[in-house]
There are 2 protein chains.
Amino acid sequence: MSEQQQQSAARTAPPPRESREGTRDDEAVSQFVERFAAQLVDAGMQRMSARVFACLLASDSGVLTSAELGERLQVSPAAVSGAIRYLSQVDMVSREREPGSRRDRYRVHSDQWYEAMARRDNILTRWEGTLRDGVESLGEDSPAGRRVGETLVFFEFLQKELAGLLQRWREHRDEMRAEFDAAGR
Amino acid sequence: MSEQQQQSAARTAPPPRESREGTRDDEAVSQFVERFAAQLVDAGMQRMSARVFACLLASDSGVLTSAELGERLQVSPAAVSGAIRYLSQVDMVSREREPGSRRDRYRVHSDQWYEAMARRDNILTRWEGTLRDGVESLGEDSPAGRRVGETLVFFEFLQKELAGLLQRWREHRDEMRAEFDAAGR
DNA sequence: CGCTAGTTTCACAAATTTGTGAAGTTAAGA
DNA sequence: TCTTAACTTCACAAATTTGTGAAACTAGCG
């Protein structure tokens, strides 16, 4: 397992508190991380990627190193590496080289959810392509062709709605930010 | 990718025929079924359920027996049974007992997509619960708490939008149906 | 009441996925 | 240029998932 890590952490970490992140209850936070990660897994995300993502989300800085992630999640550097590969592929975290060090730092994107929704657009387009071919193979006047055609119409509707939805979100978000700033923070 | 399809469509379009479902090209239909099923799998559905669902979608009657599904997909009755269990759990197909026979018939629901979207509502609610607990554990004034809170806001926004979207879909759908009927079918 | 077509359940084998240790690679700093 | 911390890749073992055959049910029909 990661005994070396724990060992060296136990031996060298002087004030053994890497959660100088305020006064939070690490146990409760870890529970949140695991629970939210599990829900992401249910939604189709790979387990380790979900855990890494949730862990970053729940960190104060929003930026963690590979070693920190490994320690908090009790997994090997290899596992972290694999998870990060996926997460940066789908653009939910980005990699930054920490200047004056050889460590990478991984940052959660702030508009991850917006971006994730936006990516749905491409997926929908791909599905629609398949469905169009299906209608052609089935014959558009056959009952099956008509049924698949209805599915196609639904996804086209969805795709159009998605654009509007994202637009409204941007407005909503900017509005909230304006309010927040106005409140003098 | 779909080069075989295009090719064979271009060159051999008319003849090969073994299905009683009109004049369709079973080979092309099967390709559609597998391709669409694969996309459903990418989206998180279990493989066999996806194949069964796609197969039903591409059938003229919209209703198939276990034996028919087994034959078309080349799988055992046990596999069909498992797939149907899942699909009826999530309410994408329903089971009907064929009168005067001991065979069951499985039918795709016509408003499957609408229903599927509607079910998202519950999932979102569950996620929001987790996120609220997370904000509490992290402290709502901590940077992490604020970040998780923003995620919560996004999902709340999404949930509200979903309601409107479904409403608009129902209108859109009813309108289309009215047009269809008016055209005298 | 059996008899049996049809479905479901169960134990298991095959296939896939996941995470690890260790070797390999890269690049910062001397 | 060399050393070495840090990341990545790779081969493999563990765990999980998936589909099968066979046995166990269910319910029409005689």
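The numbering scheme is per chain: residues are counted from 1 as the chain's sequence reads. By the order in which they are written, chains take letters starting at A while ligands take numbers starting at 1. Predicted model: local features are reported for residues with pLDDT of at least 70 only, side-chain atom pairs are reported and counted for 80 or more only, and whole-chain, interface and lining totals are derived from all residues.

(A) Layout of the interface of chain A and chain B. Listed by partner, the interface residues are 37 residues for chain A and 39 residues for chain B. What counts as a helix is a DSSP run of H or I of at least four residues, what counts as a strand is a run of E of at least two, and both are numbered from the N terminus. When contributions to the side of chain A that touches chain B are tallied by element, the ones reaching two or more residues are helix 2 (26–42), helix 6 (112–138) and helix 7 (143–182) of chain A. For the side of chain A that touches chain B, the class distribution of residues is 17 nonpolar, twelve polar and eight charged. Contact between residues is assigned whenever the C-beta positions, reconstructed from backbone atoms, fall within 7 Å. For this classification, Asp, Glu, Lys and Arg are treated as charged, while Ala, Val, Leu, Ile, Met, Phe, Trp, Tyr, Cys and Pro are nonpolar and the rest, including Gly, are polar.

(B) View of the protein's contact with DNA strand D. Put plainly, near means the residue's C-beta atom, positioned from the backbone, lies within 6 Å of the molecule or strand in question. DNA strand D sits among 22 residues. The nearest are A:Ser66, A:Ala78, B:Met48, B:Ala78 and B:Ala79. Only helix 4 (66–73) and helix 5 (77–89) of chain A together with helix 3 (47–57) and helix 5 (77–89) of chain B provide two or more residues apiece to the surface near DNA strand D. Among the elements that line the surface near DNA strand D, the one with the most residues is helix 5 of chain A, at six residues. Considered class by class, the residues forming the surface near DNA strand D number eight nonpolar, eight polar and six charged.

(C) Local environment of the protein's contact with DNA strand C. Taken together, 22 residues lie near DNA strand C, and A:Met48, A:Ser76, A:Ala78, A:Ala79 and B:Ala78 sit nearest. Going through the elements one at a time, helix 3 (47–57) and helix 5 of chain A together with helix 4 (66–73) and helix 5 of chain B are the ones with two or more residues in the surface near DNA strand C. Here the surface near DNA strand C takes five residues from helix 5 of chain B, the largest share from any one element. Looking at the surface near DNA strand C residue by residue, the class counts come to nine nonpolar, seven polar and six charged.

(D) Structural view of the relation of the copies chain A and chain B. Superposing the copies works by least squares over the C-alpha atoms of residues that have pLDDT at least 70 in both of them. Of the two same-sequence chains, chain A is brought onto chain B (RMSD 0.1 Å, axial shift 0.0 Å) by a rotation of 180°. When the rotation and shift are considered jointly, the pair of chain copies conforms to a two-fold rotation axis. Within chain A, the C-alpha atom positioned nearest to the axis of rotation is that of A:Gly44, 2.5 Å from it. Interface overlap between copies: 100% of the residues of chain A at the interface are likewise at the interface in chain B, consistent with a symmetric, same-surface contact.

(E) Inspection of helix 7 of chain A at higher detail. Between the first and last residue of a helix there are one fewer steps than residues, each counted as 1.5 Å, and that sum is the expected span. With 40 residues, helix 7 of chain A extends 58 Å between its outermost C-alpha atoms, agreeing within 8% with the 58 Å of an ideal straight helix rising 1.5 Å per residue. The inward-facing, buried residues of helix 7 of chain A abut helix 6 of chain A together with helix 3, helix 6 (112–138) and helix 7 (143–182) of chain B.

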